[in-house]
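Remarks on the overall topology
Residue-level listing of the chains:
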Amino acid sequence: VLLELPGSYESYLEMLSKGQRSYIARKERKAHREHDIDYQLVTSRQEVEGYLREFIASHDTLWSCEGRTGWFSRWPHIKEFFGAIVQKCLPRDELVLGRLLAEGDFIAGDLSFRSGDILHWLQPTRTTAPEWQSYTVGTISLAALLRHATETGVRTVDLGGKPINYKIRLGGRLEADSIIIGIRPGFWTRVKLSLFWASSWILNTLYARLWYRRIAPFLRLKARPFWSLWIRSKLDWPDPARAASSVDATKDCDLHKRQPTSHT
């Protein structure tokens, strides 16, 4: 989902429906009226490590409360990988780490990367404390991030894939991406590609769709990181019967039931 931003935050709000503008304003007024709310950007290397620990812990707790595995727990070694990426991007001002504080305590945050005038909104998080559920602090935090984005020259925000509906209400539009696979011409190459697609489709169906998303949660088993074998087979899963007659794959990605996105 892509969100095209105008030159100012006020102009962005005018893009939204009257109901959506009223909803955001009402939530912001309630939070600021009843609490000492502050939105900050983490920019110093000294603060980043502590911020990431707090963000990841909040994100894992949020998904755990929904009976699911968070992004930082499902991918093997993702924390170490992401920590290294952060250290590389921070000196180049490509990292946007936002946090929403109430009385100095972390209640929501947004983790984003910036490339020129494009902002990639990677992961949000919010507190699971019952007393904050009526405030929708995630919406307040994202609104503050979009205000900052318009003030610093961002023109496009990549909001990612599912869930979709609230991103559309915020002015985003759904875009599809494509996966193109180039192969050498030849009969045996097509056979190998067909076998690969068929085996990866079977693995995705049995492991990701049935076991990981349905059976394991039903049995209340402790979530574990994805299998490395499944990750290596993660390209696309078109109908295996059609794979033999196709040299390229442009079918929208169906991994984790994700809606097509427009990541660069």
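Whatever comes next refers back to the structure up there.
All of these numbers come straight from a predicted model, not from anything done at the bench.

Before going further, it helps to examine the overall build of the protein chain. Within the protein chain, the regular secondary structure consists of 10 helices and six strands. The burial tally for the protein chain puts 39% of its 264 residues in the buried class. Partitioning the intrachain contacts of the protein chain with sequence separation of at least 6 by distance along the chain shows that 71% fall at a separation of at least 24.

Take the pattern of salt bridges next. Throughout the structure, instances matching the rule amount to six salt bridges. A salt bridge links Glu4 to Arg173, with the shortest nitrogen-to-oxygen separation between them at 3.2 Å. Of the two residues, Glu4 is situated in strand E1 (residues 2-4) and Arg173 in the loop between helix H7 (165-169) and helix H8 (187-218); the sequence distance between them amounts to 169 residues. Between Glu175 and Arg173 there is a salt bridge; the shortest N-O distance is 2.4 Å. Taking the relative accessible area as the measure of exposure, Arg173 reaches 37% and is therefore partly exposed. Through salt bridges with shared partners, one network takes in Glu4, Arg173 and Glu175.

We now examine the pairing of strand E4 (residues 105-115). The buried fraction of E4 is high, at eight of 11 residues. Note: strand E3 (residues 95-102) against E4, eight bridges, orientation antiparallel. Following the sheet pairing, Leu97 is matched in E4 by Leu111. A loop of two residues connects E3 with E4, the two strands running antiparallel in sequence, and Glu103 in this loop sits at a positive phi of about 55 degrees. Sheet topology places E4 next to strand E5 (residues 118-126); eight bridges connect them, and they run antiparallel. Bridge pairing links Leu111 to Gln123 in E5. Counting the residues in the hairpin turn of E4 and E5 gives two residues, including Gly116, whose phi is positive at 65 degrees.

Turning our eyes to something else, we now look at a nonpolar patch on the surface. A cluster of nonpolar side chains, contributed by Trp201, Ile202, Leu206, Leu210, Trp211, Ile215, Phe218, Leu219 and Leu221, occupies part of the molecular surface with about 880 Å² of accessible area. If you trace the backbone, Ile202 turns up in helix H8. Exposure remark for Ile202: the relative accessible area of 43% places this residue in the partly exposed category.

It is worth spelling out the packing of aromatic side chains at this point. What characterises a pair of aromatic rings is the spacing of the ring centres plus the angle enclosed by the ring planes. If you walk through the whole model with that rule in mind, you get six aromatic pairs. Ring geometry for Tyr51 versus Phe55: centroids 5.8 Å apart, planes at 35 degrees, classification tilted. Of this pair, Tyr51 and Phe55 both sit in helix H3 (residues 45-65), four residues apart, roughly one helical turn. Across this residue pair, the class does not change: Tyr51 and Phe55 are buried. Within the aromatic cluster, the residues linked to one another by ring pairs are Tyr51, Phe55 and Phe106. The ring of Tyr135 has Lys30 sitting right over it, with the charged end atom 4.7 Å from the ring centre.

With that settled, consider H3. With 21 residues, H3 should cover 30 Å at 1.5 Å per step; its first-to-last C-alpha distance of 31 Å lies within 8% of that length. All of the buried residues along H3 are Val48, Tyr51, Leu52, Phe55, Ile56, Ser58, His59, Asp60 and Leu62. Turning to H3, the residues buried within the fold contact strand E2 (37-42), helix H4 (71-74), helix H5 (78-89), E3, E4 and E5.

This brings us to the sheet that holds E4. Across a sheet, strands are paired by hydrogen bonds formed along the backbone, either parallel or antiparallel in direction. Overall, mixed pairing links the six strands, which are arranged E1-E6-E5-E4-E3-E2 in an open sheet. For this open sheet the edge positions go to E1 and E2, each flanked by a neighbour on one side alone. Strand-to-strand twist in this sheet, taken as the mean axis angle between neighbours without regard to direction, amounts to 25 degrees.

Quick look at H8 now. Across its 32 residues, H8 extends 44 Å between first and last C-alpha, which sits within 8% of the 46 Å expected from 1.5 Å per residue. Along H8, the sharpest change in direction is near 55 degrees and occurs at Trp211. Within H8 the residues assigned to the buried category are Leu193, Ser194, Trp197, Ser200, Leu203, Asn204, Thr205, Tyr207, Ala208, Tyr212 and Ala216. Downstream of H8 by one or two residues, Arg220 has phi in the positive range, about 60 degrees.

Parameters and conventions
Residues numbered from 1 in each chain as written. Predicted model: local features only at pLDDT ≥ 70, side-chain atom pairs only at ≥ 80, totals over all residues. Heavy atoms only, no water. Helix = DSSP H or I, 4+ residues; strand = E, 2+ residues; numbered from the N terminus. Buried < 20%, exposed > 50% of the residue type's maximum accessible area, 1.4 Å probe, protein only. Contact = heavy atoms within 4.5 Å. Salt bridge = Lys/Arg side-chain N within 4 Å of Asp/Glu carboxyl O. Pairing = 2+ DSSP bridges. Patch = residues over 30% accessible without salt bridge, like charges linked within 9 Å, V, L, I, M, F, W, Y side chains within 5 Å. Areas by Shrake-Rupley, 256 points an atom, 1.4 Å probe, with all protein chains shown as cover. Phe/Tyr/Trp six-rings, centres within 6.5 Å; stacked < 30°, edge-to-face > 60°. Lys NZ or Arg CZ within 6 Å of the ring centre and 35° of its normal. Expected span 1.5 Å × (residues − 1). Axes fitted to C-alpha atoms, helices over the stretch in contact; angles between N-to-C directions. Bend = angle between axes of the 7 residues up to and from the residue.

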